[in-house]
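Here are the chains, one letter per residue:
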Amino acid sequence: MKSAVETLNPTRVRLTVEVPFEELKDSLDAAYKKINQQVTVKGFRKGKIPARVIDQRFGRGAVLEEAVNDALPKFYTEAVNEAELSPLGQPDVDITELKDGETLNFTAEVDIRPTLEIPDYSGIEVEVDAVEVTDEDIEKSVEQLRERFASTSPVERAAEDGDVVTIDLEAKVDAEVLEDGIANGVSYTIGSGELLDGIDDAVKGLEAGGEATFTSELKGGSAAGKEAEVTVKVTQVAARELPELDDEFAQLASEFDTLDELKADSRKRLANMKQYDQATQAQERVLEKLLELVEVPVPEKLLEDEINTRKHNLEHHQLGQMGLTLEKYLEIQGKTVEEFETETREAAVKGIKTQFVLDELVKKENLNVNQEELTEHLMRRAASSGMSPDQFAQAVVEGGQVPLLVGEVARGKALAVVVESATVKDTNGEVIDLDDEDETEAAIETVEAAEGASEATEETTEG
């Protein structure tokens, strides 16, 4: 077999392959054997029909077609390996010449990973928010904890902001009560914004036994997105009572004996959270700077596949679970279709570039993923998916997705290497030394966010 490579553009090549006919012998033998098992000829036992009889009865062309279909993938793979290419997706194959007994010639056009030059990235500098925990932050945190331990008691007065009301609801669309439009005994905190738009104004001022009617757009159910006439009846009004902020509350709500100890722990936890947010911010900004340094051509077909996958995931998974259409989602977001298309394309381009650049860095820095790192990543992905680690691991193995997880961790490590060599300062001008553990975990999450929920790039790479 002889092969040659023609570069069509930085991300696409054409392979020209010439195969001497004798190299098709194994595939021809396999073709005759396969046809032998599928046909019957009077006077011959099944599977024992001579090749010349098959040629006479069914035509040599049928045999050649079967043999070529069997042989093409093997010769294509040999040509790819010989040229040391990294193909993306399936090739477009064209048989240019097939002479029985002489030669098989074909071409294969395929997208490939572009050759990238990673420049010196040690000079990257970024600025991030300073980690500052204020007394106001502490008070807000403790107040949220206090809210969780609030008690309620029925009152005989009109409902006010902050009260907990028990209500019955009935929703009508076009004067017809919806099958799923009745709910009784619903507990609702006025001002929480957890139910329908307009319900706060409707129930405020009502005592137990009072009712009101208002118009609201339904957020879910069979008539999601439609305007409904909603009747609400208050069956009970209860006032919320917050516990006193003292040592007794600290003992009730935590493992601490005093309120001061509880506040000190809140300060520590908030500082840790802000440090993690700071690490994530550093990763995102370093990644942006890195992508600016590298010229990355993007294969058009790969880009279109990625865009379509992102749209499909948004419409049929994320929005579908919320009972929203794409049109309604764009209306809520205040975006036009054109703006959505532009943002989706830009995000897809960034995702592909991120993967290409970081994969190149993985090779350049000789980064490997050990079992412990893969297990930690698997545990985190399982938690975010709502599955148990065992269930998630089984799904990953059965779906052949282990290489994808390894790739995610490896790219996260590559980004962490770049961040480590970059200069990160906070808004106070202080140089930040990020925690190694936070740095790697934040880097993996940053890479996932940049690449998007879609795995189209990885799937076509594997293909």
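Since we're looking at a predicted model, the values are computed, not measured.

So, on to the packing of aromatic side chains. On inspection of all chains with the given rule, the structure shows one aromatic pair. Taking 6.2 Å as the distance between ring centres and 90 degrees as the angle between the ring planes, the aromatic pair formed by phenylalanine 149 and phenylalanine 249 counts as edge-to-face. With a gap of 100 residues between them, phenylalanine 149 in the loop between helix H4 (135–148) and strand E6 (151–154) and phenylalanine 249 in helix H6 (residues 247–253) connect regions that are remote in the sequence. Given a relative accessible area of 30%, phenylalanine 149 falls into the partly exposed group.

Moving on: the domain arrangement of the protein chain. Domain boundaries in the protein chain define domain 1 (2–111), domain 2 (151–241) and domain 3 (251–460). A separation of 39 Å is found between the C-alpha centroids of domain 2 and domain 3.

A few words now on the UniProt feature "domain: PPIase FKBP-type" (unreviewed entry) in the protein chain. UniProt records the feature "domain: PPIase FKBP-type" (unreviewed entry) at residues 162–215, using the numbering of this structure. As annotated, residues 162–215 has a helix share of 9% and a strand share of 54%, and its two end C-alpha atoms lie 22 Å apart.

For the rest of this paragraph, the subject is the sheet that holds strand E1 (residues 2–9). Strand pairing within a sheet occurs via backbone hydrogen bonds; the two strands may be parallel or antiparallel. Spatially, the four strands line up as an open sheet ordered E1-E2-E4-E3, and their pairing is antiparallel. Here the strands that pair on one side only, and so sit at the sheet edges, are E1 and strand E3 (87–99). Taken over all neighbouring pairs, the strand axes of this sheet differ in orientation by 20 degrees on average, direction set aside. In terms of strand pairing, E3 meets strand E4 (residues 103–112) through nine bridges, oriented antiparallel. When the bridges of E4 are listed, valine 93 appears paired with alanine 108.

So, about the packing of helix H8 (residues 300–322) against helix H10 (residues 337–364). One way to put it is that H8 packs onto H10 with a least axis distance of 9 Å and a crossing angle of 120 degrees. Put simply, H8 runs oblique to H10. Viewed along their axes, H8 and H10 form a crossing whose handedness is right-handed. For the pair H8 and H10, contact is made by Glu300, Leu302, Leu303, Glu304, Glu306, Ile307, Arg310, Lys311 and Leu314 and by Phe340, Glu341, Thr344, Arg345, Ala347, Ala348, Val349, Gly351, Ile352 and Phe356, respectively. For the contact of H8 with H10, the per-class residue count stands at ten nonpolar, two polar and seven charged.

What follows is about unusual backbone geometry. The phi dihedral of alanine 175 falls on the positive side, at around 70 degrees, and the residue is not glycine. Structurally, the position occupied by alanine 175 is in the loop between strand E7 (164–173) and strand E8 (176–189). In this model, asparagine 366 sits at a positive phi of 55 degrees, which is unusual for a non-glycine residue. Topologically, asparagine 366 is positioned in the loop between H10 and helix H11 (371–385). The class for asparagine 366 is exposed, based on a relative accessible area of 61%.

Calculation rules
Throughout this document, residue positions are counted from 1 along each chain, in the order its sequence is written. Restriction of local features to residues with pLDDT of at least 70 applies here, the model being predicted, together with a cutoff of 80 or more for giving and counting side-chain atom pairs; totals for whole chains, interfaces and linings are based on all residues. The side-chain quantities take in all heavy atoms of the structure and omit both hydrogens and water. Each pair of aromatic rings taken from Phe, Tyr and Trp, with Trp reduced to its six-membered ring, is defined by centres within 6.5 Å and is described as stacked if the planes are under 30 degrees apart, edge-to-face if over 60, and tilted in the remaining cases. Segments assigned H or I by DSSP are reported as helices when at least four residues long, segments assigned E as strands when at least two residues long, and all are numbered from the N terminus. Exposure categories follow from relative accessible area, calculated using a 1.4 Å probe and restricted to protein chains: below 20% of the type maximum is buried, above 50% is exposed, and the middle band is partly exposed. Domain start and stop positions are those given by an automatic or database domain assignment. UniProt positions are given in the numbering used here, feature names are shortened, and annotations may be inferred rather than shown by experiment. Paired strands are those between which DSSP finds at least two bridges. Angles run from 0 to 180 degrees between N-to-C directions of axes, and those axes are lines fitted to C-alpha atoms, restricted for helices to the stretch in contact. Working definition: roughly parallel below 35 degrees, roughly antiparallel above 145 degrees, roughly perpendicular at 65 to 115 degrees, and oblique for all remaining angles. Crossings are sorted by hand: turned counterclockwise from the far helix by less than a right angle, the near helix makes the crossing left-handed, and turned clockwise it makes it right-handed. It only takes one pair of heavy atoms within 4.5 Å for two residues to be counted as in contact. Under the scheme applied, nonpolar residues are Ala, Val, Leu, Ile, Met, Phe, Trp, Tyr, Cys and Pro; charged residues are Asp, Glu, Lys and Arg; polar residues are all the others, including Gly.

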